[in-house]
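Structural description and commentary
Okay, here's what each chain looks like letter by letter:
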Amino acid sequence: MRQKVPVFPCRINGGPQNVKSGTIGRDKIRISGKEGEGMFRRLNDALPELLLGILIYGIVIQVTGVWFAEDRLRYSSGLWIGIATAMGMAYHIARIIAETIDSMDAQKARARIIAKGILRYAAVVAVFMVTLYFGLGNLVTLFIGVMGLKISAYLQPALHKLKIRVTGKGGVSSDKTNIIEREVKM
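A brief structural summary.

What counts and how
- Residues numbered from 1 in each chain as written.
- Predicted model: local features only at pLDDT ≥ 70, side-chain atom pairs only at ≥ 80, totals over all residues.
- Heavy atoms only, no water.
- Core = buried A, V, L, I, M, F, W, Y, C linked by side-chain atoms within 4.5 Å.
- Buried < 20%, exposed > 50% of the residue type's maximum accessible area, 1.4 Å probe, protein only.
- Helix = DSSP H or I, 4+ residues; strand = E, 2+ residues; numbered from the N terminus.
- Salt bridge = Lys/Arg side-chain N within 4 Å of Asp/Glu carboxyl O.
- Axes fitted to C-alpha atoms, helices over the stretch in contact; angles between N-to-C directions.
- Parallel < 35°, antiparallel > 145°, perpendicular 65-115°, else oblique.
- Contact = heavy atoms within 4.5 Å.

Looking at the nonpolar core
The biggest cluster of nonpolar side chains holds 19 residues, and the ones touching the most others in it are Ile54, Ala90 and Leu149. If you list the elements that add at least two residues to this core, you get α2 (47–65), α3 (72–103), α5 (139–146) and α6 (148–167). Residue contributions to this core peak at nine residues, all from α3.

Here it is in structure tokens:
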């Protein structure tokens, strides 16, 4: 069942921001008559660019740092466990924001976002503990990999502008991507 609702009715800290009507269904989000493309695009229009930024960050750190590491295997495995964790966190943030905006009032949405944020960081601590216990990788590079989420959030507007130049397509305005960027940058 699809219903006409405001797409982004509130900020995380409450209050209206850039209210624009659109159709939100369980499977797809349609903004201004255009259906979303792909699983990630259905959640948030900034998510594919955010994931691409995390991946590029991981490649740059891998290529530059692996030559200076004593244990290259643990350096690489720690880094890519961190990159995978960062990508999972980005997906989780986008999913929770889409779910809370779709189905809840502002007070419940705020409580849900806080609870899921705590759960997300508990999962990151669990990843660190499992990596430490089983010796799966270097904890420092795992942390550097997780920081890819933060770096990518700051670089996402630049990636978006680059994408517009390369593809020639306008895309979504940066006001709509501010919700996920604020959550990631916190």
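Having put the structure on the table, let's press on.
Focus: the pattern of salt bridges
The tally for this structure, following the rule as stated, stands at four salt bridges. A salt bridge links glutamate 49 to lysine 163, with the shortest nitrogen-to-oxygen separation between them at 3.2 Å. Of this pair, glutamate 49 sits in helix α2 while lysine 163 is found in helix α6, placing the two residues 114 residues apart along the sequence. When its relative accessible area of 6% is taken as the criterion, glutamate 49 is described as buried. Judged by relative accessible area, which is 26%, lysine 163 ranks as partly exposed. A cluster of three or more residues bridged by salt bridges with shared partners is formed by Arg95, Glu99 and Arg112.

Comments concerning the packing of α2 against α3
In the contact formed by α2 and α3, the axes pass within 10 Å of each other and the chain directions differ by 170 degrees. With respect to α3, the element α2 is oriented roughly antiparallel. Here α2 contributes Leu47, Leu50, Leu51, Ile54, Leu55, Tyr57, Gly58, Ile59, Ile61, Gln62 and Gly65 to the contact with α3, which in turn contributes Tyr75, Ser76, Leu79, Trp80, Ile83, Ala86, Met87, Ala90, Tyr91 and Ala94.

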